[in-house]
Amino acid sequence: MSAFEFLIISLGTFGALNGILVLGLNLQFGTAGILNLSYFTAVAVSAYATGVAELHHAPGGLVQYIGGFGWPFLPSILFGMAVGAGFTFLLGSMAFLRLREDYLGLTLFAVQAGCLLVVTDYPPLFDGPRGLVGLSGPFQSTLSASGFQVEFLALTVVVLVAVLLVLQRIDRSPLGRIFRAVRDDETAAAAVGQDPWRRKTAAFVIGGATAGLGGALFATYVGGWDPGAWQTPETLVLLSALVVGGRGRPLGALLGSLFLIEGINEAGLWIPTIANRPDLLPSLQGIATAAALFAFLWWRPQGILPERRERVADFERRRRRLAPRRVRRTAGATEPGRLA
Amino acid sequence: MLHSIGFGLVDASILAIAALGFSLQFGVTNYVNFAYGAYLSFGAYMAVWSNSGPLHLSIWLSMVVAAVTTGMFSWVVDRGFLAPFIRRRSGLIFALIITFTLSLVLDDVYIVIWGTTFRELNYSAPHTMSVGPFLWSQYDVIFMACSILLLIAMMALLGRTRLGRMMRAMGDDLDLARVCGFRTRRVTSAVAVISGALAGLAGVMLAIEQHTFTTSIGDNVLFLILGSVILGGIGRPAGAVLGAILVGVSVQVAVLFIPAGLAPVLVFVALIAVMLLRPEGLLGATTRPAGQL
């Protein structure tokens, strides 16, 4: 496989992985209105969980981490997802009890900052700044390097399509409508019998499970996971993709991730090192991402593909599908109280 | 143990100054300014520029320069960027996204301008003195004195001046304050300057405390600042300082008993507990931010 082919394939894989992640955030923020600044922490939790499930026991000495079960690929992924969803559930259920809007944003931000601090400075958990290494994807040992790349690309694309279909289904279902109702007017939703806490937690957890899936796949693809992979700006990248592409619409979110994340990443590959400062490029990419976010927030906050507004025609169509019109009786049939 | 409390009090003083500014901003404008950590970093780098740069000012003058320039910077950002954005897209969620993005943009801009090398300030070496049971350097004592003075100044500002009264009114009910004829944009600008200056000052103190630092110096303490402010109660200067003392001292003391890396967990747990049990903080918040149920 030539370097160019490798580039294209890995871009595609990263694109699919980012797509999965953005879809999860879209459910939490776009549909349910929860600004989750700690989204990438859930991704990291799952990545680490997958790692400690897949790796064997810590060899000791300088390398230390908890767990180390030595499981194969699939159980590790599922374990990672479950831990990620569990973490999200714990966090969400506590936070939504008493907090709204800015205090919620503050708390989630603090959670993300605190987790980073703890994991980085306390090596016994996940080997601190070094992180976990040596993770592998399915059948990686039996495939060639290029074969593995192709296989993982296929895997992530399949998973992406599956996640997209599932989340679109949720988005268009009554559950999706309930999420949007709670987002738009919590008091009104509560007044008609929806429990905001339950609904928000549900959306949060489904999004968290998606984050977990993405994180688990990410970690096994790159072969490791360390604090550098989940710094604070990571959530911003996903958020920008969401706002640019279309908040609340899964396809829009995916579009945003393709244009913005892949676009900026790819643009970075073509720019030569500027002024002998290799650290400049990531910062410029960050500024570009933020600039796109600001631009869209200023001029078009709904994004490129806005959320579908339900129209009367949609409602009518649904009503007809669920309750087909019965054949009217011909005029003159006996009906008490009816004039001719 | 007593030494740890002493060190904790020094940390607490720096945190307190930062927390005073943050609490003021949050209490008056009712949105979280995540970019506050970036203002701290700005102050530290302004001190580097005036101290080690062409001007070669003494460290004390550099602190003043840092405070003043950061206040101005904060004013420019508020007037030119934050305020127009929040006017155009009002709503708490937007304000959060915008300030969060702003903090990360500023971080990137700092790297572009100043690079990622570690910086140092030029100052005469600290000599440690025994003050009672504590071990403090002359810088530590000055920092603590500053924080006490600034606390008194802040309480006087909010409690006894007309500007302070307008700030408190805006924090309670922005529309009503406008109806009463208060020039809310001016007050917001004033808040930006004051909180920016406090952030700049705290940033320099932090830089002195840590000896070497990079552009992320402010963001690293933002977590502790948030903890202090929420613990003590939004909008109350005394609350911010109380929270800072609790956080600063407990982190230093906790290091004696638990591994150093786990100290943030303490702040973490305290934060979650406060959020769930008493979101208005220990001393009670002066405003009811939208976040409370």
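Because the structure is predicted, anything quoted here is derived from the model rather than measured. (Residues numbered from 1 in each chain as written. Chains lettered and ligands numbered in written order. Predicted model: local features only at pLDDT ≥ 70, side-chain atom pairs only at ≥ 80, totals over all residues.)

A. Summary view of the overall build of chain A. A tally of helices and strands in chain A yields 13 helices and two strands. Counting all 340 residues of chain A, 46% fall into the buried class. Taking all contacts inside chain A whose residues are at least 6 apart in sequence as the whole, residues at least 24 apart take part in 77%. (Helix = DSSP H or I, 4+ residues; strand = E, 2+ residues; numbered from the N terminus. Buried ≥ 20, exposed ≤ 12 C-beta atoms within 10 Å, placed from the backbone. Contact = placed C-beta atoms within 7 Å.)

B. Region of the structure containing the overall build of chain B. Along chain B, the regular secondary structure elements total eleven helices and four strands. In terms of overall dimensions, chain B is globule-like: its C-alpha atoms have a radius of gyration of 18 Å, near the 19 Å expected for 293 residues. Taken over the C-alpha atoms alone, chain B extends approximately 55 × 45 × 35 Å along its principal axes. Burial analysis of chain B (293 residues in total) assigns 54% to the buried set. (Rg over C-alpha atoms; globule rule 2.2 N^0.38 Å.)

C. Representation of the pairing of strand β2 (residues 128–131) of chain B. Residues and elements named next belong to chain B. As paired strands, β2 and strand β3 (residues 134–137) are joined by four bridges and run antiparallel to one another. Directly across from serine 130, in β3, lies its bridge partner leucine 135. What sits between β2 and β3 in their antiparallel hairpin is a turn of two residues, with glycine 132 showing a positive phi close to 60 degrees. (Pairing = 2+ DSSP bridges.)

D. Here's a closer look at helix α5 (residues 138–160) of chain B. Counted at 1.5 Å a residue, the expected span for α5 of chain B with its 23 residues is 33 Å, and the 32 Å between its end C-alpha atoms agrees. By the burial criterion, the buried members of α5 of chain B are Asp140, Phe143, Ser147, Leu150, Leu151, Met154 and Leu158 of chain B. (Expected span 1.5 Å × (residues − 1).)

E. Fine view of helix α1 (residues 2–29) of chain B. Residue and element names in this part refer to chain B. Between its terminal C-alpha atoms α1 stretches 39 Å, which fits the 40 Å expected from 28 residues at 1.5 Å a residue. The buried count for α1 comes to 24 of 28 residues, which makes it a mostly enclosed element. Backbone geometry just downstream of α1 places asparagine 30 in the positive-phi region, at approximately 65 degrees.

F. Focus on the interface of chain B and chain A. The interface of chain B with chain A comprises 43 residues on the first partner and 39 residues on the second. Counting residues per element, the ones that place at least two in the side of chain B that touches chain A are α3 (59–88), α4 (92–114), α9 (217–232) and α11 (263–277) of chain B. The dominant element in the side of chain B that touches chain A, judged by the number of residues it contributes, is α4 of chain B, at 14 residues. In terms of residue class, the side of chain B that touches chain A is built from 34 nonpolar, six polar and three charged. (Nonpolar A, V, L, I, M, F, W, Y, C, P; charged D, E, K, R; others polar.)

G. Highlighting the packing of α9 of chain B against helix α10 (residues 237–257) of chain B. Residue and element names in this part refer to chain B. Their axes nearest at 7 Å, the elements α9 and α10 cross at an angle of 125 degrees. By the criterion of interaxial angle, the relationship of α9 to α10 is oblique. Where α9 crosses over α10, the handedness of that crossing is right-handed. Here Leu224, Gly227, Ser228, Val229, Leu231 and Gly232 of α9 come into contact with α10, specifically with Gly239, Ala240, Leu242, Gly243, Ala244, Leu246 and Val247. A per-class count over the contact of α9 with α10 returns eight nonpolar, five polar and no charged. (Axes fitted to C-alpha atoms, helices over the stretch in contact; angles between N-to-C directions. Parallel < 35°, antiparallel > 145°, perpendicular 65-115°, else oblique. Left-handed = near helix turned anticlockwise from the far one by under 90°.)

H. Spotlight on the nonpolar core. In this structure, Ala18, Leu20 and Ile225 of chain B are the most contacted members of the largest nonpolar core, which totals 190 residues. Leaving out residues up to four positions away in the same chain, leucine 20 of chain B has contacts with Leu150, Leu151, Met154, Leu198, Pro237, Ala240 and Val241 of chain B. (Core = buried A, V, L, I, M, F, W, Y, C linked by C-beta atoms within 7 Å.)

I. Representation of the packing of helix α4 (residues 101–121) of chain A against α9 of chain B within the structure. Taken N-terminus to C-terminus, the directions of α4 of chain A and α9 of chain B make an angle of 130 degrees; their axes are 10 Å apart at the nearest point. Taken together, the axes of α4 of chain A and α9 of chain B are oblique relative to one another. The hand of the α4 of chain A/α9 of chain B crossing is left-handed. Residue-level inspection shows Leu106, Ala110, Ala113, Gly114 and Leu117 of chain A of α4 of chain A in contact with α9 of chain B, the latter providing Leu222, Phe223 and Leu226 of chain B. When grouped by side-chain class, the residues that make up the contact of α4 of chain A with α9 of chain B number seven nonpolar, one polar and no charged.

J. Quick peek at the confidence of the model for chain B. All names here are of chain B. Per-residue pLDDT for chain B has a mean of 87; in total, 97% of the residues score no lower than 70. Scored below 50 in pLDDT, residues 289–293 shows 20 contacts in the model against residues more than four places distant or in partner chains. Across the interface, the model reports ipTM at 0.87; the global pTM reads 0.88. (pLDDT = per-residue confidence, 0-100.)

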